Amino acid sequence: GGPTNFTLARLAAEEHESETASRGDSAGCKVGRFLLSVWRLVRSGAEERAWNLQQSFGKGFYVLPWRPQPDWPIFRALTRLRAVALRDAAGTYVARRCERLEANSASAIAAEDELMQALQVGGPIALLSGATAGSRFLLHASPSAACPLAIAAAYWALAGSLLATAGFVAPSAGSGGDKERAVEVEVGRLIRLGEEAAKSWQMQRLPFLDLLVSAWPLWDIASRIEEHYLTPPVQSRRASGRTLKTAPVSAAPAPPQRAQGASVVDPREPVCPRGPGREAMARGLERQRVEVIVVYGRCDRVKILHRYLLRNLRINGGVVDRVHFVVFAAMQEDLEYLQQLVADHGPVYNIPQVTGRRLAKIYSVCEDPDTVYIKIDDDVVFLADEAFPNMVRERLRGRCGLVSANVVNHAILSAVHQDVGAIRNFFMPPDEWVAAEENVGSKDWRKPRWLHSDEGLAMGVIMKQAQSQCVWAMWECGAWMHESFLSRLADGTDCAYDFGWHDFHAHGHGNFLGDRFVPLPYTRWSINVIAFKKEDLAEARAADLAEDDEAELSVMVHHRMGKRACAVGHALAVHFSYSRQDDGIMENTDLLARYDALSLELAAAPEVTPRR
């Protein structure tokens, strides 16, 4: 139940639009921001939810007024969060119940037990029976000795019972008689007394978590009180001036589209509108020949890339006319796989005759001056449908030499992604491996998923440098990049990565130290997915290209030509790993299997419409 991610994004956008026009309680306010965080935690996985709750989640909730607010039904969300948390694996949370102090009388202890039993019934009956038991408890209990949560539950049960028996419906501004106003005043007093009692119980290390999973069902009671303030039924804010920001549970979420004239309330959680289909993306490039050069070596990666290449072939509605596989370093099983792949998909797939030494042979394929070539590493494990068409168009504009895709897990562009707020915070799980739920105690183990939390600082700073520790050298940084991307792809906010257009050489190419040219540290960039023409290789020196094609093409060729290289934000691709990342990612994560599953899903779809 509750709103979906798509619904939350739309509601936030609508609230922002309304706030801009009139009021000041947009999704940027504390209550609204907390409400959205609670619903996202409800729909997160058990491990991620537990990690957040056992950190500092909800700390700010104590400074908010605990009142029913029709525009922000927070208690409904907290009730749902409590329910899913209590269904998580046994032992995940320790439910606490206030200890009774010896100063309390036997009658007070009996009344507290009666109150607890009455509130466990659930539904409207719990309010009525809870009010009776609550009155008895408040008569017998000593405020200094009784559990503050029991006192809060008693006051709130009385408030809810009063609302129910009085037939109270929240009056609109300027309406309601003396009876309604009197009821509202008394209910407000009881709610405030309960709030003061509950907030006084902050003796534990994690007060919000302890309150959430306490045996006292405070949020269930508060939610039933809140329902009285949510009538009449949900209407548009613009129509009624009063809105409940949740869609009916049974309603299917609409695709995330931006309303005409509406602005996104949170730039880090954009509503990504859908773009044209693949046929429209290829329009205008029908006569432009495009060939892809795959630097081949690992069949487990190419199995994934192959599905995206097939999707991009011109015969399948894409822009690619031919795919060349240039073998750089491969084992026997990798060669056997490649030979079968080319046999199955020839002549579009082929293994060309090459010349030159080491890395230089990759570019010996480029003989036609009019063709746009796209060189791609074999471990690119995701390609957006618009990536190749947009890279080709940018190269044809002529303002850049080499044109890069917008690559996730990229030594330079990952820093750009962090700068624009696209990267979500993920953290490593506990060091130990955990047993799979269905195989506890056996020798079958699974790798724990990384945990998402955007409330604190990031795991680290991504240096805008070609061979920095993060992301180039550390597998942990690579895994972080992947987890962030996959989470955004899952909830339709992957357009957050779209930075528009990036100039790799905005600050020049480097400086001379005597006769030696020294590139700037951020001038060199990874050439995982690049578009270029034959003329862009004219200034390349064969010997240097053979030893380090990246340094030669990303820096030196552009320096000699006096041109820039650039990246297109609207051309998303994912690079799996640098050599120094690879062992750690493969040993400690299941990311390759997840990208494999993702590519299978896309391959099965006849048409994947991009979200932008």
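## Digging into the environment of A215
Turning to its location among the elements, A215 is positioned in the loop between α9 (207–212) and α10 (218–228). For A215, a relative accessible area of 27% gives the class partly exposed. Considering only alpha carbons, one finds A215 and Q120, 95 residues apart in sequence, at a separation of 9.2 Å.

## Focus: the state of the cysteines
The full count for this structure, using the stated rule, is three disulfides. Between the sulfur of C272 and that of C495 lies a disulfide, 2.0 Å long from S to S. The S-S bond linking C272 to C495 shows a torsion near -85°; that makes this disulfide left-handed. Within this pair, whereas C272 is found in the loop between α11 (237–240) and α12 (278–282), its partner C495 is found in the loop between α18 (475–491) and β11 (501–503), the two being separated by 223 residues in sequence. Classification of C272 by relative accessible area gives buried; the value is 0%. You can call C495 buried: its relative accessible area is 14%. Disulfide pairing is shown between C400 and C566; the S-S distance is 2.2 Å. Since a negative S-S torsion denotes a left-handed disulfide, the C400-C566 link at about 120° is right-handed.

## What about the environment of H570?
Residue placement: H570 occurs in strand β15 (residues 566–575). As for H570 and F388, which are separated by 182 residues in sequence, their C-alpha atoms are 9.9 Å apart.

## Looking at helix α14 (residues 332–345)
Taking 1.5 Å per residue as the helical rise, α14 with its 14 residues ought to reach 20 Å, and the 20 Å between its terminal C-alpha atoms agrees with that figure. Burial in α14 covers these residues: D334, Y337, L338, L341 and V342. Along α14, the residues classed as buried sweep out an arc of 130° about the axis, all on the same side. Facing away from the buried side of α14, by more than 90 degrees, are the exposed residues Q332, E333, Q339, A343 and D344. As for α14, its buried residues are in contact with β1 (290–296), α13 (299–312), β2 (322–327) and β3 (349–350).

About the criteria used
- Residues numbered from 1 in each chain as written.
- Predicted model: local features only at pLDDT ≥ 70, side-chain atom pairs only at ≥ 80, totals over all residues.
- Heavy atoms only, no water.
- Helix = DSSP H or I, 4+ residues; strand = E, 2+ residues; numbered from the N terminus.
- Buried < 20%, exposed > 50% of the residue type's maximum accessible area, 1.4 Å probe, protein only.
- Disulfide = S-S within 2.5 Å.
- Expected span 1.5 Å × (residues − 1).
- Arc of directions from axis to C-beta.
- Contact = heavy atoms within 4.5 Å.

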